[in-house]
There are 2 protein chains.
Amino acid sequence: MSFSQHLEAVVAQVDGAVAASVMGFDGITVETHPPMPDTGDVELASAWIEYANVLTQLKNAAETLRTGDVTEVSVNSARLVSIMRMVTPEYFVVLSLKPDGNLGKGRYVLRLAESKLKAEF
Amino acid sequence: MSFSQHLEAVVAQVDGAVAASVMGFDGITVETHPPMPDTGDVELASAWIEYANVLTQLKNAAETLRTGDVTEVSVNSARLVSIMRMVTPEYFVVLSLKPDGNLGKGRYVLRLAESKLKAEF
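Note that the coordinates shown come from a computational prediction; the quantities given were computed from them, not determined experimentally. (Residues numbered from 1 in each chain as written. Chains lettered and ligands numbered in written order. Predicted model: local features only at pLDDT ≥ 70, side-chain atom pairs only at ≥ 80, totals over all residues. Heavy atoms only, no water.)

(A) Molecular detail of the interface of chain A and chain B. Facing 31 residues of chain A, the contacting portion of chain B comprises 31 residues. When the two sides are added together, the surface that chain A and chain B hide from each other amounts to roughly 2,500 Å², 56% of it contributed by carbon and sulfur. In terms of surface lost to chain B, no three residues of chain A exceed Leu65(A), Arg66(A) and Thr67(A), which account for 23% of the buried area on that side. Here the side of chain A that touches chain B takes 11 residues from helix H2 (residues 44–65) of chain A, the largest share from any one element. Counted by class, the side of chain A that touches chain B contains 13 nonpolar, 10 polar and eight charged residues. Pairing of strand E3 (residues 70–77) of chain A with strand E3 (residues 70–77) of chain B involves seven bridges; the strand directions are antiparallel. Its bridge partner being in E3(B), Ser77(A) is matched across the sheet by Val70(B). (Contact = heavy atoms within 4.5 Å. Buried area = accessible area lost by both parts, 1.4 Å probe. Helix = DSSP H or I, 4+ residues; strand = E, 2+ residues; numbered from the N terminus. Nonpolar A, V, L, I, M, F, W, Y, C, P; charged D, E, K, R; others polar. Pairing = 2+ DSSP bridges.)

(B) Inspection of the pairing of strand E5 (residues 91–97) of chain A at higher detail. Residue and element names in this part refer to chain A. Of all the seven residues making up E5, six are buried; the element is thus mostly covered by neighbouring parts of the structure. With seven bridges connecting them, strand E1 (residues 17–24) and E5 associate as antiparallel partners. By the bridge assignment, glycine 24 is partnered in E5 with tyrosine 91. Here strand E4 (residues 80–86) runs beside E5; their pairing, made up of six bridges, is antiparallel. (Buried < 20%, exposed > 50% of the residue type's maximum accessible area, 1.4 Å probe, protein only.)

Dropping the structure here:
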């Protein structure tokens, strides 16, 4: 399966899912599903870049803080909820939901997707 | 009830809870329970300062990104899981758990604590 098919499966399984993407920690997306998500006036692409930046910071700080590797970060805001999960040292997968979307299911589905995506790298 | 009593109630209700704190976005703690948490060699106080910094970034970016106000952020790492919830524009509450702690219960209890803490400011 391609990245795109895995991402499509993630989005299809989670109520309220807006879009999912495989991204580098540099904020550059490898693949997104759907390719042109309908996000109202939420600046989804820019939000993901900001989150990639935050993940990089947390990842870099983890050694000093002795917290062990960062595995997952979620950011809930009034109009968008995003879950990021590390896939490789260079890439992560992000799933964004509407605020009333199923966060628990999203976390679960993303955890399963992580190992499938890892196999594609 | 004091901050300390609210934090104590949070920690007592969540399996695997390590410590909870009311903090400013500048990274300075107002109150922590327990006052001297046993965190093994995890640098908890430094981790919270790093997270406060990340929260500030996300909070400041939210307007540009049109995501609405940030309400909650969680950071899962191999040896520590932390949930941060905004209380006022200047302060947030953080709960840290062992990695096998009850994250769902933690989120729930922190949401309830948020309104009680808000009333104390």
